[in-house]
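Reading the structure
Single-letter residue listing:
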Amino acid sequence: MDNKSTPAPPSSPKAPKQRSEILVNPTRGAIPYTINIRFGNILRAVILLIAAAVGSYASQLTLGPVYGDIPTSLHHQKICASIFALVWGSKWIFRRIMRRPLLLLAVLAFYVPVLQRTLFQYSEKWGAEYGPLYTEAASYYPTLFLAVLASSELLEMPSFVLDIIPAVASFAIFNGVRGELPGFLAHRIGASWIYTRCGLAHLAAGLYTLVSPLTALLLVIPGLIHSGYYNPGCTDAAAARYLNASVASANYTVLARSESITGYVSVMENSFLKYRVMRCDHSLLGGEWQIPPPGHEHLTTFIKEPVYPVFVILEAVRLVRPGPAAKKPKALMIGLGIGTSQNGMIRHGVETHIVELDPAVYKYAQEYFGLLPNHTAHIMDAVKFVKGAVMAGDPVKYDFIVHDVFTGGAAPSFLFTEDMVNDMHKLLADDGVIAINYAGDLKQKPAKMVIETARSVFGHCKIFREDYLEDLNKAVDFTNMVIFCHKPSTPFRFRGPLEEDFLGSVSRKQFLYPSIEVSLDYLFGKDSNGELLHEKTLNKDTIKEFDKLQKKGAVHHWKIMRSVIPAVGWENY
């Protein structure tokens, strides 16, 4: 027997594995590598979509002071959704045209603030309805298009049918983040530079650079220089150099400004006519003359007069008869503005409680408009304050409630609902009086819904407007109106004002007594039996309809604001 061992057969050479084979048909050991690559693509796509959502919010905030919150948002959401649908439905076509979307995206994003600031000068020509659309078409929307195109490439699926999954998921991520941002940033806006309009726009651009080629970074330097040195909306240093120089042509000076909870808040003074106003985005919260107003230049001593008479009319709650019998009445003032009616109530010895959401508004009312110190301030959401007061075991009762919260071209609907009005009714003393200020088109449903809601809760109300309607056939009847209601639900009247009611003010002599009453017949009409018709009340079932209907009024309000302060005063902030 042969003891030699049998030689082992030579091992066959291993065929080299191709990268494509590993990715498509991975071996057991290659699975983690494949997952990591896929996870990396998903992560990059998510970053792109988050950046696009931040850019969307930043763009809307940036346009707000020039066009107003509602006009700015009229087409935005639909266009964003359309861009997602267009890109995912035709991505193969766009990829042939645009090979490297990430390279262009990172560069363009840093120039969005530059482009928007440049295009604001056309706001008067384009108008409130289409100005935001044109501005974002040349600035934000191209970045969204490129971000969606790049993310669609990262989330590539093997068939058009399967593409539906990442398409829906990507839009859901974008929409979800975009929806959460206002709430998340509500009390952070303005806290640091990154939480400003310009800061958020640059945060979005910075996120894009995380997933973009480094070669693009050199091209963003001019955009950064413009934002830091030339754009007043981006830095205080740039504002110091150029902001007042920009508005000087209209005789305005910006005395103070800040980005805050309710928007861009600033104090402006007209150096020629000598009046001062507080601005919030594209609306005015109030104003007062720094010298005797036109027609009263002969006065040698005077108190600063309000520019807008509606704030004086609100003080007429004290003139209602029968009125509160309390010797030391209390007033709840919801919404501050510059503090015109609040100061009036304080001077008359009324214990005044002020509820104001925005700390910047409260600060400027004190520093620039002389808000008197002897009051109690509650810097918080009015709905939460009122609800919390009602839920208290023995809630404080107020003899007067003044509700004045209009801003931004539309009324915050949640502050006019049946629930809110009912809660205010509970806080009102048994012989108390409430005044609700509302600005809108009296020929449209939102104004009628606000009135109907007040009437449904209080029963008997009177409505007064601040100016006469010169033409009954006029299509639009936009005005400030004040709704006075009496808790006893019985008819009431206004006593004639005494000299002490005027507080030495010529504006109060002219406007304190409500004189231009609005007929409910004019507003609602009557049926065949002569009974007054009714409108829907504002509640959780009708609030969406109310908000939708207010959009038309917001565009008209924009035009009114442009007639008060010229375009250059709104465009430069």
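Residues numbered from 1 in each chain as written. Predicted model: local features only at pLDDT ≥ 70, side-chain atom pairs only at ≥ 80, totals over all residues. Heavy atoms only, no water.

So, about the overall build of the protein chain. The number of helices and strands found in the protein chain is 23 helices and 13 strands. Expressed along its principal axes, the backbone C-alpha trace of the protein chain runs to roughly 135 × 55 × 50 Å. Residues counted as buried form 52% of the 573 residues belonging to the protein chain. Of the contacts made within the protein chain by residues no fewer than 6 positions apart, 71% connect residues no fewer than 24 positions apart. Computing the positive centroid from 56 side-chain charges and the negative centroid from 50, the protein chain places the two 8 Å apart. (Helix = DSSP H or I, 4+ residues; strand = E, 2+ residues; numbered from the N terminus. Buried < 20%, exposed > 50% of the residue type's maximum accessible area, 1.4 Å probe, protein only. Contact = heavy atoms within 4.5 Å. Lys, Arg positive; Asp, Glu negative; His and termini not counted. Charge placed at Lys NZ, Arg CZ, Asp CG, Glu CD.)

A complete count under the given rule lists 22 salt bridges for this structure. The partner of Lys91 in a salt bridge is Glu156, and the shortest N-O contact between them spans 3.2 Å. Here the residue Lys91 occupies a position in helix 5 (residues 91-97), and Glu156 occupies one in the loop between helix 9 (140-154) and helix 10 (164-185), the gap between them amounting to 65 residues. What makes Glu156 partly exposed here is its relative accessible area of 27%. If you follow the salt bridges from partner to partner, you end up with Lys91, Arg95, Glu156 and Asp163 in one network. (Salt bridge = Lys/Arg side-chain N within 4 Å of Asp/Glu carboxyl O.)

The final tally for this structure, using the stated rule, is 22 aromatic pairs. Seen in terms of ring centroids, Phe464 and Phe484 are 5.9 Å apart; in terms of plane orientation they differ by 75°. Their pairing is edge-to-face. Here the residue Phe464 occupies a position in strand 11 (residues 461-465), and Phe484 occupies one in strand 12 (residues 478-486), the gap between them amounting to 20 residues. Among the residues examined, Phe464 registers a relative accessible area of 6% and is labelled buried. Taking relative accessible area as the criterion, Phe484 reaches 0% and is therefore assigned buried. With 6.0 Å between their ring centres and 75° between their planes, Phe492 and Phe494 make a pair best called edge-to-face. The positively charged end of Arg188 is found above the aromatic ring belonging to Phe184, 4.1 Å away from the centroid. Over the ring of Tyr229 we find Arg241; its NZ or CZ atom is 3.7 Å from the centre of that ring. (Phe/Tyr/Trp six-rings, centres within 6.5 Å; stacked < 30°, edge-to-face > 60°. Lys NZ or Arg CZ within 6 Å of the ring centre and 35° of its normal.)

Turning to the sheet that holds strand 9 (residues 398-403), a few remarks are in order. What the seven strands build is an open sheet, ordered 8-7-6-9-10-12-11; its pairing is mixed. Of all the strands in the sheet, just strand 8 (376-379) and strand 11 have a single pairing partner and so form its edges. Recorded for the sheet is a direction-independent mean angle of 15° between the axes of neighbouring strands. Relative to strand 12, strand 11 runs antiparallel, the two being bridged by five bridges. Opposite Ile463, over in strand 12, you have Ile483 as the bridge partner. (Pairing = 2+ DSSP bridges. Axes fitted to C-alpha atoms, helices over the stretch in contact; angles between N-to-C directions.)

Closest axis-to-axis distance for the helix 4 (residues 76-89)/helix 10 pair is 10 Å, and the angle between their directions is 155°. On the basis of their axis angle, the class for helix 4 and helix 10 is roughly antiparallel. Helix-helix and strand crossings are classified by hand; for helix 4 and helix 10 the assignment is right-handed. In this structure, helix 4 uses Gln77, Cys80, Ala81, Phe84 and Trp88 to contact helix 10, whose residues at the interface are Pro166, Ala167, Ser170, Phe171, Phe174 and Asn175. (Parallel < 35°, antiparallel > 145°, perpendicular 65-115°, else oblique. Left-handed = near helix turned anticlockwise from the far one by under 90°.)

Right, let's talk about helix 18 (residues 418-427) for a bit. The periodicity of an α-helix, 3.6 residues per turn, causes residues three or four positions apart to be oriented the same way. Listed as buried for helix 18 are Met420, Val421, Asp423, Met424, His425 and Leu427. Residues of helix 18 that are buried in the fold lie against strand 6 (330-334), helix 17 (382-391), strand 9, strand 10 (428-441) and helix 19 (445-458).

Let us look at the sheet that holds strand 1 (residues 252-260). Here we have four strands laid out as an open sheet, ordered 1-2-3-4, and antiparallel in their pairing. Only two strands of the sheet have a single neighbouring strand rather than two, namely strand 1 and strand 4 (283-289). Neighbour-to-neighbour, the strand axes of this sheet turn through a mean angle of 15°, independent of strand direction. Relative to strand 2 (residues 263-270), strand 1 is paired through eight bridges, and the arrangement is antiparallel. By the bridge assignment, Val254 is partnered in strand 2 with Met268. On top of the sheet, helix 22 (residues 543-564) reaches strand 1, strand 3 (275-280) and strand 4; it is set at about 30° to strand 4, its chief contact.

Turning to the nonpolar core, a few remarks are in order. Among the nonpolar cores identified, the biggest contains 43 residues, and Ile334, Ile401, Phe416 and Ile483 are the most heavily contacted of them. In terms of nonpolar packing, the next biggest core, distinct from the first, is built from 40 residues, Val361, Tyr364, Phe369 and Phe464 among them. (Core = buried A, V, L, I, M, F, W, Y, C linked by side-chain atoms within 4.5 Å.)

What follows covers the state of the cysteines. Scanning the model with the defined rule gives two disulfides in all. Here Cys198 is linked by a disulfide to Cys234, with a sulfur-sulfur distance of 1.9 Å. Looking along the S-S bond of the Cys198-Cys234 disulfide, the torsion reads about 75°, which is the right-handed sense. Taken together, the residues span a long stretch of sequence, with Cys198 in helix 11 (residues 197-210) and Cys234 in the loop between helix 12 (221-230) and helix 13 (236-247) at a distance of 36 residues. Cys234 matches Cys198 in its accessibility class, with the two residues each being buried. Disulfide pairing is shown between Cys461 and Cys485; the S-S distance is 2.1 Å. On the sign convention where negative is left-handed, the bridge of Cys461 and Cys485, at about 105° about the S-S bond, is right-handed. Remark: Cys485 occurs in strand 12 and Cys461 occurs in strand 11; sequence separation between them is 24 residues. What makes Cys485 buried here is its relative accessible area of 0%. Sequence-ordered numbering of the bonded cysteines in the protein chain yields a pairing of 1-2, 3-4. In this structure Cys80 is a free cysteine whose sulfur lies 20 Å from that of Cys198, the closest cysteine sulfur available. (Disulfide = S-S within 2.5 Å.)

Our focus in this paragraph is the side chain of Arg197. For Arg197, the position within the fold is in helix 11. Residue Arg197 is classed as buried on the basis of its relative accessible area of 3%. Only 2.6 Å separates the side chain of Arg197 from the backbone oxygen of Leu61, close enough to count as a polar contact. Aside from chain neighbours lying at most four places away, what touches Arg197 is Ala58, Leu61, Thr62, Pro65, Glu259, Gly263, Tyr264, Asp281 and Tyr573. (Polar contact = N/O pair within 3.5 Å; in protein donor to acceptor, adjacent residues only side chain to side chain.)

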